[in-house]
Amino acid sequence: MDSRHALLSLIAHDPALSALYDDVRQLMDDDPGHDLAHVLRVALWTLRIGAPDVDPRHAIAAALLHDIVNVPKDSPDRARASELCAAAARDLLARHGFEDDEVSDICEAIRDHSYSRGATPRTPLGKALQDADRLEAVGAIGICRTISTGTRMGAHYFDTEDPWARERPLDDRRFSVDHFFTKLLRLPATMNTAAGRAEAERRADLMRAFLLQLGDELGEPPPELP
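Keep in mind the model is a prediction, meaning the values are calculated, not measured.

Asker: Can you explain the overall build of the protein? Please cite residues and give values.
Answerer: Tallying secondary structure elements over the protein gives ten helices and zero strands in all. The helix and strand sequence of the protein, counted from the amino end, reads α-α-α-α-α-α-α-α-α-α. For 226 residues, the compact-globule estimate of 2.2 N^0.38 gives 17 Å, and the protein sits close to it at 18 Å. By residue count, 49% of the 226 residues in the protein fall in the buried class. In the protein, once contacts between residues fewer than 6 apart in sequence are set aside, the share between residues at least 24 apart is 62%. Looking at the protein as shown, the accessible area adds up to about 11000 Å², and 51% of this sits on carbon and sulfur atoms.

Asker: Describe the side chain of His58, with residues and values.
Answerer: Relative to the helices and strands, His58 is located in helix 4 (residues 56-65). Note on His58: relative accessible area 12%, which makes it buried. Each residue touching His58, except ones within four places of it in the same chain, is listed here: Glu102, Ile106 and Leu125.

Asker: How would you summarise the nonpolar core if you had to cite specific residues and measurements?
Answerer: Formed by 42 residues in total, the largest nonpolar core has its most connected members in Leu20, Leu64, Leu65, Leu93, Phe98, Ile106 and Ile110. Where this core is concerned, the elements lending two or more residues are helix 1 (3-12), helix 2 (15-27), helix 3 (36-50), helix 4, helix 5 (81-95), helix 6 (100-112) and helix 7 (124-135). Leaving out residues up to four positions away in the same chain, Leu20 has contacts with Ala61, Leu64, Leu65, Leu92, Leu93, His96 and Phe98. Val138, Val177, Phe180 and Leu211 belong to the second-largest nonpolar core, a separate cluster that totals 16 residues.

Asker: Lay out unusual backbone geometry with the relevant residues and their values.
Answerer: Cis geometry marks the peptide bond from Ala51 to Pro52, where omega comes out at 0°. For Pro52, the location among the structural elements is in the loop between helix 3 and helix 4. For Ala165, which is not a glycine, the phi torsion comes out positive at approximately 55°. The residue Ala165 is located in the loop between helix 8 (139-152) and helix 9 (178-182) in this model. Given the relative accessible area of 15%, Ala165 is considered buried.

Asker: Just give me the short version of helix 2, but keep the residues and values in it.
Answerer: The terminal C-alpha atoms of helix 2, which comprises 13 residues, lie 19 Å apart, in line with the 18 Å expected from a rise of 1.5 Å per residue. For helix 2, the complete set of buried residues consists of Ala16, Leu17, Leu20, Tyr21, Asp23 and Val24. Taken down its axis, helix 2 places every buried residue within 160° of arc, on the same side. Along helix 2, the residues that are exposed and aim more than 90 degrees away from the buried face are Pro15 and Gln26.

Asker: Hey, could you go over the packing of aromatic side chains for me, with residue numbers and the actual values?
Answerer: Applying the stated rule across the entire model yields two aromatic pairs. Between the aromatic rings of Trp164 and Phe181, the centroid separation amounts to 6.1 Å while the plane-to-plane angle is 75°, which identifies the pairing as edge-to-face. In this pair, Trp164 is assigned in the loop between helix 8 and helix 9 and Phe181 in helix 9, connecting sequence segments 17 residues apart. For the residue pair Trp164 and Phe181, the accessibility class agrees, reading buried in each case. A cation over an aromatic ring shows up here: Arg48 above the ring of Trp45, its NZ or CZ 4.8 Å from the ring centre.

Reading guide: rules and limits
- Residues numbered from 1 in each chain as written.
- Predicted model: local features only at pLDDT ≥ 70, side-chain atom pairs only at ≥ 80, totals over all residues.
- Heavy atoms only, no water.
- Helix = DSSP H or I, 4+ residues; strand = E, 2+ residues; numbered from the N terminus.
- Rg over C-alpha atoms; globule rule 2.2 N^0.38 Å.
- Buried < 20%, exposed > 50% of the residue type's maximum accessible area, 1.4 Å probe, protein only.
- Contact = heavy atoms within 4.5 Å.
- Areas by Shrake-Rupley, 256 points an atom, 1.4 Å probe, with all protein chains shown as cover.
- Core = buried A, V, L, I, M, F, W, Y, C linked by side-chain atoms within 4.5 Å.
- Expected span 1.5 Å × (residues − 1).
- Arc of directions from axis to C-beta.
- Phe/Tyr/Trp six-rings, centres within 6.5 Å; stacked < 30°, edge-to-face > 60°.
- Lys NZ or Arg CZ within 6 Å of the ring centre and 35° of its normal.

Functional significance is not addressed by these values, which are geometric in nature.
So this is what it looks like as C-alpha coordinates:
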(Lines give C-alpha, C1' and ligand atoms only; values in the text may rest on other atoms or scores of the structure.)
Protein backbone atom coordinates (compact mmCIF):
# COMPACT_ATOMS: atom_id res chain seq x y z
CA MET A 1 0.00 0.00 0.00
CA ASP A 2 1.43 3.39 -0.94
CA SER A 3 1.72 6.21 1.58
CA ARG A 4 -1.34 8.10 0.33
CA HIS A 5 -3.59 5.06 0.62
CA ALA A 6 -2.13 4.27 4.04
CA LEU A 7 -3.01 7.80 5.15
CA LEU A 8 -6.56 7.51 3.81
CA SER A 9 -6.95 4.18 5.60
CA LEU A 10 -5.77 5.75 8.86
CA ILE A 11 -8.29 8.57 8.42
CA ALA A 12 -11.11 6.17 7.56
CA HIS A 13 -10.54 4.13 10.74
CA ASP A 14 -10.66 7.18 13.04
CA PRO A 15 -14.24 8.54 13.38
CA ALA A 16 -13.15 12.10 14.21
CA LEU A 17 -10.60 12.32 11.40
CA SER A 18 -13.06 10.75 8.99
CA ALA A 19 -15.65 13.38 9.86
CA LEU A 20 -13.07 16.17 9.42
CA TYR A 21 -12.05 14.72 6.07
CA ASP A 22 -15.69 14.74 4.91
CA ASP A 23 -15.99 18.40 5.99
CA VAL A 24 -12.80 19.33 4.15
CA ARG A 25 -13.94 17.62 0.96
CA GLN A 26 -17.06 19.77 1.00
CA LEU A 27 -15.30 23.04 1.85
CA MET A 28 -12.17 23.00 -0.33
CA ASP A 29 -12.38 24.89 -3.62
CA ASP A 30 -10.84 24.06 -7.01
CA ASP A 31 -7.57 25.97 -6.58
CA PRO A 32 -5.01 23.28 -7.55
CA GLY A 33 -2.47 24.74 -5.13
CA HIS A 34 -4.84 24.48 -2.15
CA ASP A 35 -7.08 21.51 -2.91
CA LEU A 36 -7.75 18.18 -1.23
CA ALA A 37 -4.65 16.59 -2.76
CA HIS A 38 -2.57 19.42 -1.30
CA VAL A 39 -3.78 18.94 2.27
CA LEU A 40 -3.22 15.17 2.04
CA ARG A 41 0.38 15.69 0.90
CA VAL A 42 0.88 18.16 3.75
CA ALA A 43 -0.56 15.57 6.15
CA LEU A 44 1.95 12.96 4.97
CA TRP A 45 4.89 15.29 5.45
CA THR A 46 3.64 16.59 8.79
CA LEU A 47 3.57 12.98 9.97
CA ARG A 48 7.06 12.28 8.63
CA ILE A 49 8.64 15.45 9.97
CA GLY A 50 6.83 15.36 13.30
CA ALA A 51 7.55 11.73 14.21
CA PRO A 52 7.98 10.67 16.95
CA ASP A 53 7.26 13.92 18.83
CA VAL A 54 3.87 14.80 17.32
CA ASP A 55 0.62 12.90 17.89
CA PRO A 56 -0.33 11.47 14.46
CA ARG A 57 -4.00 12.39 14.95
CA HIS A 58 -3.05 15.99 15.65
CA ALA A 59 -0.70 16.07 12.65
CA ILE A 60 -3.43 14.84 10.31
CA ALA A 61 -6.13 17.09 11.76
CA ALA A 62 -3.92 20.19 11.51
CA ALA A 63 -2.95 19.40 7.92
CA LEU A 64 -6.52 18.70 6.84
CA LEU A 65 -7.70 22.04 8.22
CA HIS A 66 -4.73 24.33 7.59
CA ASP A 67 -6.18 25.74 4.34
CA ILE A 68 -9.88 25.42 5.15
CA VAL A 69 -10.36 29.11 4.27
CA ASN A 70 -8.53 29.90 1.02
CA VAL A 71 -7.71 33.60 0.76
CA PRO A 72 -6.33 34.49 -2.71
CA LYS A 73 -2.63 35.41 -2.88
CA ASP A 74 -3.46 38.92 -4.11
CA SER A 75 -6.11 39.62 -1.45
CA PRO A 76 -5.45 42.38 1.12
CA ASP A 77 -6.54 39.82 3.75
CA ARG A 78 -3.86 37.30 2.74
CA ALA A 79 -1.83 37.85 5.92
CA ARG A 80 -4.91 36.89 7.97
CA ALA A 81 -5.56 33.64 6.08
CA SER A 82 -4.15 31.34 8.75
CA GLU A 83 -6.08 33.16 11.50
CA LEU A 84 -9.30 32.60 9.56
CA CYS A 85 -8.40 28.94 9.06
CA ALA A 86 -7.68 28.50 12.77
CA ALA A 87 -11.02 30.04 13.71
CA ALA A 88 -12.90 27.75 11.32
CA ALA A 89 -10.88 24.75 12.51
CA ARG A 90 -11.72 25.43 16.16
CA ASP A 91 -15.44 24.95 15.52
CA LEU A 92 -14.95 21.79 13.46
CA LEU A 93 -12.55 20.17 15.92
CA ALA A 94 -14.83 20.82 18.88
CA ARG A 95 -17.82 19.50 16.93
CA HIS A 96 -16.04 16.22 16.24
CA GLY A 97 -14.97 15.48 19.79
CA PHE A 98 -11.43 16.81 20.15
CA GLU A 99 -10.61 17.88 23.71
CA ASP A 100 -10.07 21.55 24.55
CA ASP A 101 -6.29 21.22 24.91
CA GLU A 102 -6.08 19.34 21.61
CA VAL A 103 -8.12 22.03 19.88
CA SER A 104 -5.85 24.75 21.25
CA ASP A 105 -2.65 23.00 20.13
CA ILE A 106 -3.95 22.21 16.64
CA CYS A 107 -5.38 25.69 16.11
CA GLU A 108 -2.15 27.34 17.28
CA ALA A 109 -0.23 25.28 14.71
CA ILE A 110 -2.68 26.25 11.97
CA ARG A 111 -2.58 29.93 12.94
CA ASP A 112 1.21 30.12 12.87
CA HIS A 113 2.00 27.91 9.84
CA SER A 114 1.46 30.55 7.14
CA TYR A 115 4.38 32.16 5.30
CA SER A 116 2.33 35.35 4.96
CA ARG A 117 1.86 35.59 8.74
CA GLY A 118 5.62 35.51 9.30
CA ALA A 119 5.39 33.61 12.59
CA THR A 120 7.82 31.02 13.97
CA PRO A 121 5.80 28.13 15.46
CA ARG A 122 6.33 27.36 19.13
CA THR A 123 5.38 23.67 19.23
CA PRO A 124 6.68 20.53 17.48
CA LEU A 125 3.30 20.24 15.72
CA GLY A 126 3.50 23.83 14.51
CA LYS A 127 7.07 23.40 13.27
CA ALA A 128 6.22 20.17 11.42
CA LEU A 129 3.09 21.65 9.83
CA GLN A 130 4.88 24.80 8.69
CA ASP A 131 7.73 22.81 7.15
CA ALA A 132 5.34 20.38 5.45
CA ASP A 133 3.31 23.21 3.94
CA ARG A 134 6.43 25.04 2.73
CA LEU A 135 7.67 21.89 1.01
CA GLU A 136 4.66 22.21 -1.31
CA ALA A 137 6.17 25.43 -2.68
CA VAL A 138 9.48 23.78 -3.61
CA GLY A 139 10.36 21.17 -6.23
CA ALA A 140 8.19 19.81 -9.05
CA ILE A 141 4.92 20.62 -7.31
CA GLY A 142 6.28 24.04 -6.43
CA ILE A 143 6.94 24.75 -10.11
CA CYS A 144 3.39 23.71 -11.01
CA ARG A 145 1.93 25.85 -8.25
CA THR A 146 4.02 28.88 -9.19
CA ILE A 147 2.81 28.83 -12.78
CA SER A 148 -0.82 28.08 -11.96
CA THR A 149 -0.97 30.74 -9.24
CA GLY A 150 0.66 33.28 -11.51
CA THR A 151 -1.83 32.50 -14.25
CA ARG A 152 -4.75 32.95 -11.86
CA MET A 153 -3.31 36.35 -10.90
CA GLY A 154 -2.75 37.42 -14.52
CA ALA A 155 1.04 37.15 -14.45
CA HIS A 156 3.28 36.34 -17.43
CA TYR A 157 5.73 33.45 -17.20
CA PHE A 158 8.66 35.87 -17.42
CA ASP A 159 9.63 39.26 -18.81
CA THR A 160 10.57 38.55 -22.41
CA GLU A 161 12.87 41.59 -22.54
CA ASP A 162 14.61 40.94 -19.22
CA PRO A 163 13.72 37.44 -17.92
CA TRP A 164 16.25 37.49 -15.08
CA ALA A 165 15.57 41.05 -13.86
CA ARG A 166 19.07 42.27 -14.61
CA GLU A 167 17.90 45.82 -15.38
CA ARG A 168 14.65 46.00 -13.39
CA PRO A 169 13.35 45.22 -9.88
CA LEU A 170 11.99 41.74 -9.28
CA ASP A 171 8.19 41.72 -9.56
CA ASP A 172 6.57 38.34 -8.94
CA ARG A 173 3.08 39.77 -9.28
CA ARG A 174 3.80 40.40 -12.97
CA PHE A 175 6.30 37.61 -13.76
CA SER A 176 6.09 34.11 -12.29
CA VAL A 177 9.78 33.31 -12.75
CA ASP A 178 10.64 36.22 -10.47
CA HIS A 179 8.96 34.31 -7.62
CA PHE A 180 11.78 31.76 -7.62
CA PHE A 181 14.16 34.57 -6.64
CA THR A 182 11.91 36.56 -4.29
CA LYS A 183 10.84 33.54 -2.23
CA LEU A 184 11.05 29.94 -3.42
CA LEU A 185 14.80 29.34 -3.53
CA ARG A 186 15.12 30.95 -0.10
CA LEU A 187 12.62 28.61 1.58
CA PRO A 188 15.07 25.84 2.58
CA ALA A 189 16.81 28.27 4.95
CA THR A 190 13.50 29.00 6.71
CA MET A 191 12.74 25.39 7.64
CA ASN A 192 12.36 24.58 11.34
CA THR A 193 13.51 20.96 11.27
CA ALA A 194 16.47 19.02 9.89
CA ALA A 195 14.15 16.70 7.97
CA GLY A 196 12.24 19.59 6.43
CA ARG A 197 15.44 21.42 5.50
CA ALA A 198 16.99 18.36 3.84
CA GLU A 199 13.90 17.70 1.75
CA ALA A 200 13.56 21.36 0.82
CA GLU A 201 17.19 21.51 -0.35
CA ARG A 202 16.68 18.38 -2.45
CA ARG A 203 13.61 19.91 -4.08
CA ALA A 204 15.27 23.29 -4.56
CA ASP A 205 17.98 21.59 -6.63
CA LEU A 206 15.27 20.56 -9.10
CA MET A 207 14.09 24.17 -9.31
CA ARG A 208 17.63 25.33 -10.01
CA ALA A 209 17.89 22.75 -12.80
CA PHE A 210 14.59 24.01 -14.22
CA LEU A 211 15.84 27.61 -14.27
CA LEU A 212 19.09 26.57 -15.93
CA GLN A 213 17.11 24.71 -18.57
CA LEU A 214 14.83 27.71 -19.07
CA GLY A 215 17.88 29.91 -19.55
CA ASP A 216 19.24 27.46 -22.12
CA GLU A 217 15.95 27.53 -24.04
CA LEU A 218 15.83 31.33 -23.93
CA GLY A 219 19.46 31.65 -24.97
CA GLU A 220 20.15 33.71 -21.87
CA PRO A 221 21.51 31.92 -18.79
CA PRO A 222 20.23 32.98 -15.38
CA PRO A 223 22.43 34.79 -12.86
CA GLU A 224 23.96 32.92 -9.96
CA LEU A 225 21.14 31.04 -8.25
CA PRO A 226 20.52 31.28 -4.49
